[in-house]
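Inside the fold
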Amino acid sequence: EPEVTQTPSHQVTQMGQEVILRCVPISNHLYFYWYRQILGQKVEFLVSFYNNEISEKSEIFDDQFSVERPDGSNFTLKIRSTKLEDSAMYFCAGEGTSGRAQEQFFGPGTRLTVL
Amino acid sequence: ILNVEQSPQSLHVQEGDSTNFTCSFPSSNFYALHWYRWETAKSPEALFVMTLNGDEKKKGRISATLNTKEGYSYLYIKGSQPEDSATYLCAFSAGNMLTFGGGTRLMVKP
């Protein structure tokens, strides 16, 4: 059964450094998402991506964040200059078809630790 | 700001017990309510996507109901097994993005 993969599983970085989190969604999916969960808090939406552009983003997704789907397979989240408060589990998700009542398929997450 | 709440936060039951937990969500601008099962170090796994008021869905020993007018959904597990131990997340959708509750962590003792 196809699955969403994410790399790395754990990333440790110094404050101020750039990180790129990678996701390989299921190949026929059309909508892509990034969510994150800070330890002890709820999973929160960051950004949705469709047809090679951002379709929706939350207040968290400021100028330090960017997303790309450069080659039609990888879907990346870049944080330009990490802050301590960016430490969280980051999840990528994909959805197959247009229409809003579809299940989203999640990857296992990347745990980002900013020191 | 959308508020999605789940209760209880955690639950310990014995193998064989039946259990249920609650998700409450805004009753306006409702499009769908999602339930996920999430085991540590694994991907959250979709259980149900529910859209219609009064909807009831079932997958094996797990079922869910939906009341969109009052803004709640129940998840039921019949005859809990140790492998049911996980965090159960609900998520409200008014568009494409999901707004999650805090989850209910279920531990089933053999």
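Heads up: these notes are all about the structure in this document. These numbers come from a predicted model, not from an experiment.

**Quick word on the side chain of N96 of chain B**
Relative to the helices and strands, N96 of chain B resides in the loop between β9 (86–93) and β10 (98–100). Assessed through its relative accessible area of 18%, N96 of chain B is described here as buried. Side-chain polar atoms of N96 of chain B contact the side chain of Y33 of chain A, separated by 3.3 Å.

**As for the environment of Q104 of chain A**
Within the fold, Q104 of chain A resides in the loop between β9 (88–95) and β10 (105–106). Classification of Q104 of chain A by relative accessible area gives buried; the value is 1%. Here the alpha-carbon distance between Q104 of chain A and G40 of chain A, two residues 64 residues apart in the chain, equals 22 Å. Excluding its chain neighbours within four sequence positions, the residues that come into contact with Q104 of chain A are Y33, Y35, A93, G94 and E95 of chain A together with Y36, N96 and L98 of chain B. For Q104 of chain A, the side chain forms a polar contact with the main-chain oxygen of N96 of chain B, separated by 2.9 Å.

**Observations concerning the state of the cysteines**
Residue and element names in this part refer to chain A. Per the counting criterion, the structure on display carries 2 disulfides over all chains. Between the sulfur atoms of C23 and its disulfide partner C92 the distance amounts to 1.8 Å. As the torsion about the S-S bond is roughly -45°, the C23-C92 disulfide counts as left-handed. Separated by 69 residues along the polypeptide, C23 in strand β3 (residues 19–24) and C92 in strand β9 bring together distant segments of the chain.

**As for the interface of chain B and chain A**
Quite often, the size of an interface is put as the accessible area lost when its parts meet. Each side of the interface is counted separately: chain B has 24 residues, and chain A has 19 residues. The contact between chain B and chain A buries some 1,800 Å² in all, and 59% of this surface belongs to carbon and sulfur atoms. Among the residues chain B hides against chain A, the three largest losses belong to N96, M97 and F100 of chain B. Together they make up 33% of the total. For the pair chain B and chain A, the number of links is 1 salt bridge. Connecting chain B to chain A are 8 residue pairs in polar contact (both at pLDDT 80 or more). Within the residue set of the side of chain B that touches chain A, elements represented by two or more residues are β4 (32–38), β5 (45–50) and β10 of chain B. Ranked by residue count, the leading element in the side of chain B that touches chain A is β4 of chain B, at 4 residues. Looking at the side of chain B that touches chain A residue by residue, the class counts come to 13 nonpolar, 9 polar and 2 charged.

**Brief notes about the pattern of salt bridges**
Considering all chains together, one arrives at 7 salt bridges over all chains under this definition. The residue R36 of chain A makes a salt bridge to E44 of chain A at a minimum N-O spacing of 3.1 Å. Residue E44 of chain A is classed as partly exposed on the basis of its relative accessible area of 23%. Here R37 of chain B makes a salt bridge to E39 of chain B, at a shortest N to O gap of 2.9 Å. Taking the relative accessible area as the measure of exposure, R37 of chain B reaches 11% and is therefore buried.

**Examining the sheet that holds strand β7 (residues 65–68) of chain A**
Residues and elements named next belong to chain A. Within the open sheet, the 4 strands sit side by side as β1-β3-β8-β7. Their pairing is antiparallel. Looking at the sheet topology across the chains shown, the edges are occupied by β1 (5–7) and β7. Averaged over neighbouring strand pairs, the angle between their axes works out to 15° when direction is ignored. Relative to strand β8 (residues 75–79), β7 is paired through 4 bridges, and the arrangement is antiparallel. When the sheet's bridge partners are listed, E68 is paired in β8 with T76.

**Topic: the packing of aromatic side chains**
Tallied over the full model, the rule gives 20 aromatic pairs over all chains. Members of the aromatic cluster, joined through ring pairs, are Y33, Y35, F45, F91 and F106 of chain A together with Y36, W38 and F100 of chain B.

Reading the values: rules and limits
Residues numbered from 1 in each chain as written. Chains lettered and ligands numbered in written order. Predicted model: local features only at pLDDT ≥ 70, side-chain atom pairs only at ≥ 80, totals over all residues. Heavy atoms only, no water. Helix = DSSP H or I, 4+ residues; strand = E, 2+ residues; numbered from the N terminus. Buried < 20%, exposed > 50% of the residue type's maximum accessible area, 1.4 Å probe, protein only. Polar contact = N/O pair within 3.5 Å; in protein donor to acceptor, adjacent residues only side chain to side chain. Contact = heavy atoms within 4.5 Å. Disulfide = S-S within 2.5 Å. Buried area = accessible area lost by both parts, 1.4 Å probe. Salt bridge = Lys/Arg side-chain N within 4 Å of Asp/Glu carboxyl O. Nonpolar A, V, L, I, M, F, W, Y, C, P; charged D, E, K, R; others polar. Pairing = 2+ DSSP bridges. Axes fitted to C-alpha atoms, helices over the stretch in contact; angles between N-to-C directions. Phe/Tyr/Trp six-rings, centres within 6.5 Å; stacked < 30°, edge-to-face > 60°.

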